[in-house]
Amino acid sequence: MAEEEFKKQETRSGPPVWMLSLADLISLLLTFFVMLFAMSKVKIDRWDEVVDSLSQSIKPSPREENDEPMASLNIPRVYRKPAMNLDYLSAVIDDAIDDNPVLGDARMSRDADKLVISLPGDLLFVSGSSEMTQKARQALFVLGGVLRNIGNRVGVQGHTDPRPLSGRGVYASNWELSLARAAAVANELKKSGYTDYINIYGFAASRYDQLPETVDEDTRFEMARRVDIVIEPHGGSGIGGT
């Protein structure tokens, strides 16, 4: 009797419960297929715009490097020429100056890693001045012809003996005389074709103590009156000058 009453109530309450679940599932499937259909009809030009917009947001375009100077003042680049081996260069210079009456008395030595060519001042200049003799100019033209073919940096150093100058000369001190003689030699090297910058120094008698003490004083004074051409192992800069 109770079972019959339950069936009557179930019949009066409407469709079964599982029908509701089925209806919900059908609705979700319909919505899914409508969405797929809508996505298949996206306009190509609109899609490209969306992709470009997302690409810029996620991965911005790389910054281009600019080599142009950012400041109003631009420092020029300095490059160095290839330098020649000093041992090889020493042999070349020795062959070039061996028969020259002025350069034949020059002394070549190594000072640390530099090649030093010591030219006797008594054969280059008039006594007590920086006036160069004609033979000295010709000799430096020969030497400059060798140096203009190398890339090594070159410096010129003037030296004197420790005795003070007479008051009748053009120069007030040995410092001025040694610097003027170094400048005169550097100018002759430039005239012969050496195009790189040449450093000039005037040492007067400040390096007199470095000369050998085994010789007599007159010979030592003669060695002190000299001009040293110093050739460095590295190359000179690409900027010319004196």
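Anything mentioned here points back to the structure above.
Since we're looking at a predicted model, the values are computed, not measured.

Calculation rules
Residues numbered from 1 in each chain as written. Predicted model: local features only at pLDDT ≥ 70, side-chain atom pairs only at ≥ 80, totals over all residues. Heavy atoms only, no water. Helix = DSSP H or I, 4+ residues; strand = E, 2+ residues; numbered from the N terminus. Buried < 20%, exposed > 50% of the residue type's maximum accessible area, 1.4 Å probe, protein only. Lys, Arg positive; Asp, Glu negative; His and termini not counted. Salt bridge = Lys/Arg side-chain N within 4 Å of Asp/Glu carboxyl O. Contact = heavy atoms within 4.5 Å. Pairing = 2+ DSSP bridges.

Student: Kindly report on the side chain of arginine 181, identifying the contributing residues and their values.
Tutor: By the element assignment, arginine 181 lies in helix α7 (residues 174-191). Comment: no salt bridge for buried arginine 181; closest opposite-charge side chain is aspartate 122, at 5.6 Å. Those residues in contact with arginine 181 that lie beyond four places of it in its chain are Phe125, Val126, Ser127, Gly128, Ser129, Ser130 and Val227.

Student: Just give me the short version of the pairing of strand β2 (residues 114-120), but keep the residues and values in it.
Tutor: A large share of β2 lies buried, amounting to 6 of its 7 residues. Bridge analysis of strand β1 (residues 107-111) against β2 gives 5 bridges, and the strand direction is antiparallel. Directly across from methionine 108, in β2, lies its bridge partner isoleucine 117. Taken together, the 6 bridges between β2 and strand β5 (residues 226-235) define a ladder with antiparallel strand orientation. Across the sheet, isoleucine 117 pairs through a bridge with isoleucine 229, a residue of β5.

Student: Outline the pattern of salt bridges, supporting the account with residue identities and numerical values.
Tutor: One pass over the full model with this rule turns up 8 salt bridges. As a salt-bridge pair, arginine 110 and aspartate 87 come within 2.7 Å of each other at their nearest N and O atoms. With arginine 110 in strand β1 and aspartate 87 in helix α4 (residues 86-97), this pair connects stretches of sequence that are 23 residues apart. The class for arginine 110 is partly exposed, based on a relative accessible area of 44%. Accessibility expressed as a relative area gives 51% for aspartate 87, which makes it exposed. Close ionic contact of glutamate 188 with lysine 191 constitutes a salt bridge, the shortest N to O distance being 3.6 Å. Here lysine 191 and glutamate 188 lie together in helix α7, a separation of 3 residues that amounts to about one turn.

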